[in-house]
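What follows is the residue order along each chain.
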Amino acid sequence: MIECKDLWLTYPGAAQPSVCGVSLALEPGEFVTLLGPSGCGKTSTLRSVAGLETPSAGSIRIGESVVFDGTRGHQTPTHARDISMVFQSYAIWPHMTVQQNVAFPLEIARLSREQIRSQVSEALRMVGLDALAERSATQLSGGQQQRVAIARALVRRSGVMLLDEPLSNLDAKLREQMRLELRELIKTVGLTALYVTHDQEEALMLSDRIALMSAGRIVEQGTPLELYLHPSTRFGATFLGAAEVFDVVRARGREIDTADGALALNQDTTGVAHVAIRPEAILATQSGDPHGPNRWNGRLISAIFSGRQQQLVVELAGGRRVNVLAPPTTAFRVQEPVTLELPAERLMPLARA
Ligand SMILES: Nc1ncnc2c1ncn2[C@@H]1O[C@H](COP(=O)(O)OP(=O)(O)OP(=O)(O)O)[C@@H](O)[C@H]1O
Ligand SMILES: [Mg+2]
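Just so you know, these numbers come straight off a predicted model, no measurement behind them.

K.L.:
Tell me about the sheet that holds strand E1 (residues 2–9), residues and numbers included.
P.N.:
Pairing is antiparallel in the open sheet, where 5 strands are placed in the order E2-E1-E4-E5-E6. Among the strands making up the open sheet, the edge pair consists of strand E2 (19–26) and strand E6 (74–75). Of the pairings in the sheet, the one linking strand E4 (residues 57–62) to strand E5 (residues 65–69) comprises 4 bridges and is antiparallel in character. Among the inter-strand pairings, serine 59 is bridged to a residue of E5, identified as aspartate 69.

What follows is the structure, given as C-alpha cells:
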C-alpha cells in the first residue's frame, strides 16, 4: 500500500543527508511504526511520503500510484496523494467549531452539504466527540483536540494515514488510553498506518511491525515481539528496552567467553560481537546450585521492591554490575552471594554493528 525504495533526502544547505537509503513497504491494513531517537530522520521520512519534502533520490508508491520518482524527477503534490495526516501539534483551527474543523477537508474537496454532514457526524462518533460538535475548538482539552485532529484525518476516507507523534502532547495517563483507542480505530476502519514515535513502549503496543531507525537508516525491522526478543544489533537491543550487553572476547562453536564469564548459546556464534539479555530474563537465586552452564556468581548489592517486581543489582566477581528484574515473591538477602542464570534461549547474539 505504501512502498519507499532507496529513499534519500538532503535538506538544502545541509552537509549530511537526513534520510539515507530508506526502503520500506506496508501491506494494506498494516500498522507500521518508524521508531528511533530524536533526529534520526523519522519525520523527514514521513514528510517525504506525504509530499511535504522532496527527496533527493529513490521512489515512493502509494496504492497504485508512483507519487515520487527521483530518476524521472516526478513529484505528486500533497493534496493529490490519497493520504490523511495527524501531527503532534494538532493543527486544528481555533476560530472554528469541532464540526467545522472536521468538515473543512471535505469542503475543500467540494462534497455536497448532505455528504459532508453525514461523513462528519460519522467521524465524530468514531472518536467519541459527537456530543461536542458545536463546541469551539479552543474550549477542548488536549485529548479532545487530538480527537478532533484524528476525526479530521478520518473524514477524508483515504486508505493511508500518516501519524507523527500524535500522542506526545498528552499527559501520561491520557496517552496510554488514547494509544489503544487509536489502534482500535485504525484497525476498525482498515487503514494502512505509518506512525512515527520515539517512545519504545508506544511502538511495541501499537505496531504490527516496527522499523527501527538510526542516523537516517532503517537498521532493523520486525514485529514488536521479534525485535524485542531477537534484536540483531546492539542499538536494537538497547533502544527497545533495557538490556545487559556483554562483549564477546572469544567465540568457538556455540560457546563464548566474555570478561564476566563463559556462556553457551543455542546457535553458532560466528560473527557474534556481543551477547545481550533482558533484566527480566535473568534468573537470580540465593539458595540454588551456584555451578552449571550459564551460571555466574556475584553479590547482591541492592533489592528494590516496586510492586510488580524487584529490581536487583548484582555485582559479579570482576566488578561489573548487572540489573535483574525478579518476581516480587522471592525473598533476597542484600550483601550475600547470589547466583545468576542466563538461560540460553533468552540470550541475544548481536552483530558488530
Ligand atoms: N527543514 C530542515 N532543514 C534542515 N535540516 C533539517 C530539517 N528538518 C530536519 N532536519 C534535520 O534532519 C535530521 C532528521 O530530522 P527529523 O525531524 O526527521 O528527525 P526525527 O527522527 O523526526 O526527530 P524527533 O524525534 O526529534 O522528531 C536532523 O538532523 C534534523 O536536524
Ligand atoms: Mg520528528
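More follows now that the structure is in view.
K.L.:
How would you sum up unusual backbone geometry? Please name residues and give values.
P.N.:
One non-glycine residue, arginine 157, lies in the positive phi region at around 55°. Inspection of the secondary structure puts arginine 157 in the loop between helix H4 (142–154) and strand E8 (160–164). Positive phi, close to 45°, is recorded for glutamate 165, a residue that is not glycine. As for its placement among the helices and strands, glutamate 165 is situated in the loop between E8 and helix H5 (172–189).

K.L.:
Please give an account of the domain arrangement of the chain that cites residues and values.
P.N.:
Taken as a whole, the chain is organised into domain 1 (2–235) and domain 2 (242–350). Computed from C-alpha atoms alone, the centre-to-centre distance between domain 1 and domain 2 is 40 Å. Taken together, the 7 residues of domain 1 in the interface contact 9 residues of domain 2. Together, the buried faces of domain 1 and domain 2 total about 660 Å²; carbon and sulfur atoms form 52% of this surface. If you sort the residues of domain 1 by the area they bury against domain 2, Tyr228, Pro231 and Arg234 come out on top, with a joint share of 72%. For aspartate 247, the salt bridge identified is with arginine 234, shortest N-O distance 3.4 Å. Linking domain 1 to domain 2 there are 4 residue pairs in polar contact (both at pLDDT 80 or more). Top element by residues in the side of domain 1 that touches domain 2 is helix H7 (residues 224–229). It accounts for 3 residues. By residue class, the composition of the side of domain 1 that touches domain 2 is 4 nonpolar, 2 polar and 1 charged.

K.L.:
Could you give an account of the pairing of E1, naming the residues involved and the relevant values?
P.N.:
In the sheet, E1 pairs with E4 via 5 bridges, with the strands oriented antiparallel. If you follow isoleucine 2 over to E4, its bridge partner there is isoleucine 62. Judged from the 6 bridges that link them, E1 and E2 form a sheet pairing that is antiparallel. Of the residues in E2, the one forming a bridge with cysteine 4 is leucine 24.

Rules used throughout
- Residues numbered from 1 in each chain as written.
- Chains lettered and ligands numbered in written order.
- Predicted model: local features only at pLDDT ≥ 70, side-chain atom pairs only at ≥ 80, totals over all residues.
- Heavy atoms only, no water.
- Pairing = 2+ DSSP bridges.
- Helix = DSSP H or I, 4+ residues; strand = E, 2+ residues; numbered from the N terminus.
- Domains from an automatic or database assignment.
- Contact = heavy atoms within 4.5 Å.
- Buried area = accessible area lost by both parts, 1.4 Å probe.
- Salt bridge = Lys/Arg side-chain N within 4 Å of Asp/Glu carboxyl O.
- Polar contact = N/O pair within 3.5 Å; in protein donor to acceptor, adjacent residues only side chain to side chain.
- Nonpolar A, V, L, I, M, F, W, Y, C, P; charged D, E, K, R; others polar.

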